[in-house]
Amino acid sequence: MLTSIISAIGNNNSIYPLLIRDCGIENPVKVAMTYKQNKSDKYIARNAVRERIIDEYATSAVWLGGIPLVEKICNKFISKKGFNPNISSELLNGDTFQNITANIEQFKTKAPDAVKDLIKIRDNQKLYQKLSGAKLLASIAIPTLIMGFVLPKLNFGITKKIMKNNLKEMVIPKNQVTFEEFDKKIKRKNNPSFGLNPFSALNNLTTVQKMAVTDLGLSAGRISTARNKNEAFDNAVKMTGMIYLNYIAPKQTAKLFDKLTKKIFKLNVNLDPVVFCDKEFINAVKNKSLQFPMSDSPQDVLKFIDLNPEAVITKLAAKTKLIKMYDSTTRDPRKYVSIKDLNEFIKNIKDFSESAINSGRIDEFARKAKTAKCLNIVANVALSSFLLAFCLPKVQFFIRKMVTKSKLEPGLVQNQRDEKV
């Protein structure tokens, strides 16, 4: 059970590590650090904390739940049109060995219900593509609009109303400088911006990839709705760091930890920890009975999977969600299989098997590999959470003070000036 939980947290292509980092660690730490950064002005601090709480938790709710909710609503609409909304869109323009026509022919007797879904799409491909495109756009555009444009305006509106009622408490720092003044010092001519092309390569995005695209839209929204240029620059620093630390750094760190584990402890841990707990797999390694495809070509890999549903490799591929089974003996023809990912998985199986056999103690080797992999996952989540929750705000506050000569929230300081006038 614990291994399965750690496995889910360690899957950087799922929302689970994002959920742990964002809601469990990053948000409460950021709220505390926001108060600490602004505590020299109690009035600014109270407003900053309130804005941060609304911003972080409302954004998290939309960010983590918005895309699945919109997709669920769209899926119901697509289902009413008679289509299965969960068919992999890669099959519409698939390769020679994986496409709708090829899968219909190959699986028409093995998976008749699944083939009916494919035939429906084959005969109405243009309509299905339009519906799928609308679903993709809605699942990205609606959360982006809410997080990037609606929520900031509402948050700023609440603050402005509160400040109007509390003019006597306002204190305007005398040493606050404008972004333009700092801009001249570092000889920059352009304001920070994000290149955004949210409609490219959308057809095959996973939920996490859609969240990344949404975050790009969120970044553009937060910068464009900022109350002044100082706040826009402050948001640009924060959002750039957040995107990198959420989507890129964890994968890089995971690979680094796995490489170090292999180099230092001679353990191959490039597999999911649930694989190391699979008794059938460990017994197959002991008996040297593992079966593999003849080559890494798409036709040989898919042929092996389809002809050997009871093979350990096939079962493990299904267990780690590299393939989806229609039933116990048949691969689901509605789901596209990434040959690249499957070949990498098979290679890692071979490497682990050879290392385990060479160790002379296969059970012990597998236990050590599982422990090391789980520790790597926990360390990765802890490190990325620390970077997001503590280091990124520190960097943001340092740059803010360097730019504005004040550590206070630039948007709130501007609000004070506006209301005072």
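Residues numbered from 1 in each chain as written. Predicted model: local features only at pLDDT ≥ 70, side-chain atom pairs only at ≥ 80, totals over all residues. Heavy atoms only, no water.

## A look at the side chain of E231
Thought 1: In this structure, E231 sits in helix α9 (residues 229-265).
Thought 2: Residues contacting E231, with those up to four places away along its chain left out, are F156, A226, P410 and G411. (Helix = DSSP H or I, 4+ residues; strand = E, 2+ residues; numbered from the N terminus. Contact = heavy atoms within 4.5 Å.)

## Some points on unusual backbone geometry
A negative phi angle characterises most non-glycine residues, just as the trans form characterises most peptide bonds.
Thought 1: Even without being a glycine, K321 presents a positive backbone phi close to 65°.
Thought 2: In this fold, K321 is placed in the loop between α13 (312-319) and β1 (325-327).
Thought 3: Positive phi, close to 65°, is recorded for K405, a residue that is not glycine.
Thought 4: Residue placement: K405 occurs in the loop between α15 (362-404) and α16 (410-420).

## Considerations on the confidence of the model for the protein
Thought 1: Per-residue pLDDT for the protein averages 85, and the proportion of residues at 70 or more is 88%.
Thought 2: For the stretch residues 175-183, pLDDT sits under 50, and the model shows 25 contacts to residues farther than four places along the chain or on other chains.
Thought 3: pLDDT under 50 marks residues 185-201. Its contacts with residues more than four places away, or in other chains, come to 19 contacts. (pLDDT = per-residue confidence, 0-100.)

## Structural notes on a nonpolar patch on the surface
Thought 1: Side chains of I142, L145, I146, F149, V150 and L154 sit close together on the surface and give an oily, nonpolar patch of about 500 Å² of accessible area.
Thought 2: With respect to the secondary-structure elements, L154 resides in helix α6 (residues 125-164).
Thought 3: For L154, a relative accessible area of 53% gives the class exposed. (Patch = residues over 30% accessible without salt bridge, like charges linked within 9 Å, V, L, I, M, F, W, Y side chains within 5 Å. Areas by Shrake-Rupley, 256 points an atom, 1.4 Å probe, with all protein chains shown as cover. Salt bridge = Lys/Arg side-chain N within 4 Å of Asp/Glu carboxyl O. Buried < 20%, exposed > 50% of the residue type's maximum accessible area, 1.4 Å probe, protein only.)

## Side note on the nonpolar core
Thought 1: If you look at the biggest cluster of nonpolar residues, it comprises 33 residues, and the most contacted ones within it are F281, L342, F345, I349 and F352.
Thought 2: Taken together, the elements giving at least two residues each to this core come down to α10 (273-276), α11 (279-287), α12 (298-307), α13, α14 (339-359) and α15.
Thought 3: Looking at which element gives the most residues to this core, the answer is α14, with seven residues.
Thought 4: Counting 17 residues, the second-largest nonpolar core is a separate cluster that includes W63, L245, A249 and L392. (Core = buried A, V, L, I, M, F, W, Y, C linked by side-chain atoms within 4.5 Å.)

## Overview of the packing of helix α2 (residues 16-38) against α15
Thought 1: Where α2 contacts α15, the axes come no closer than 10 Å and their chain directions differ by 25°. By the angle between their directions, the pair α2 and α15 is classed as roughly parallel. α2 and α15 meet at a crossing whose hand is right-handed. Across from I20, R21, I25, E26, V29, K30, M33, T34, Q37 and N38 in α2, the residues of α15 making contact are V381, S384, S385, L388, A389, F390, P393, K394, F397 and R400.
Thought 2: When grouped by side-chain class, the residues that make up the contact of α2 with α15 number 10 nonpolar, five polar and five charged. (Axes fitted to C-alpha atoms, helices over the stretch in contact; angles between N-to-C directions. Parallel < 35°, antiparallel > 145°, perpendicular 65-115°, else oblique. Left-handed = near helix turned anticlockwise from the far one by under 90°. Nonpolar A, V, L, I, M, F, W, Y, C, P; charged D, E, K, R; others polar.)

## Describing the packing of aromatic side chains
Thought 1: On inspection of all chains with the given rule, the structure shows five aromatic pairs.
Thought 2: With a centroid separation of 5.4 Å and 50° between ring planes, the pair formed by F352 and F365 is classed as tilted. Here F365 lies in helix α15 and F352 lies in helix α14, a separation of 13 residues in the sequence. Residue F352 shares its accessibility class with F365, and that shared class is buried.
Thought 3: Members of the aromatic cluster, joined through ring pairs, are F276, F281, F352 and F365.
Thought 4: Here K120 stacks its cationic end above the ring of F83, 5.6 Å away from the centre of that ring.
Thought 5: For the cation-ring pair, K350 lies above F292, with the distance from its terminal atom to the ring centre recorded as 5.1 Å. (Phe/Tyr/Trp six-rings, centres within 6.5 Å; stacked < 30°, edge-to-face > 60°. Lys NZ or Arg CZ within 6 Å of the ring centre and 35° of its normal.)

## Looking at a positive patch on the surface
Thought 1: There is a patch of like positive charges on the surface, built from K36, K39, K42, K394, K401 and K407.
Thought 2: Looking at where K407 falls in the secondary structure, it is placed in the loop between α15 and α16. (Lys, Arg positive; Asp, Glu negative; His and termini not counted. Charge placed at Lys NZ, Arg CZ, Asp CG, Glu CD.)

## Thoughts on the side chain of R52
Thought 1: In this fold, R52 is placed in helix α3 (residues 42-80).
Thought 2: Using a relative accessible area of 7% as the deciding quantity, one classes R52 as buried.
Thought 3: Aside from chain neighbours lying at most four places away, what touches R52 is K30, V31, T34, K238 and E409.

## Brief notes about α3
Thought 1: With 39 residues, α3 extends 55 Å between its outermost C-alpha atoms, agreeing within 8% with the 57 Å of an ideal straight helix rising 1.5 Å per residue.
Thought 2: Along α3, the largest kink reaches about 45° and is centred on G65; proline P68 follows within four residues of it.
Thought 3: Just downstream of α3, G82 is the residue with a positive phi angle, here 95°. (Expected span 1.5 Å × (residues − 1). Bend = angle between axes of the 7 residues up to and from the residue.)

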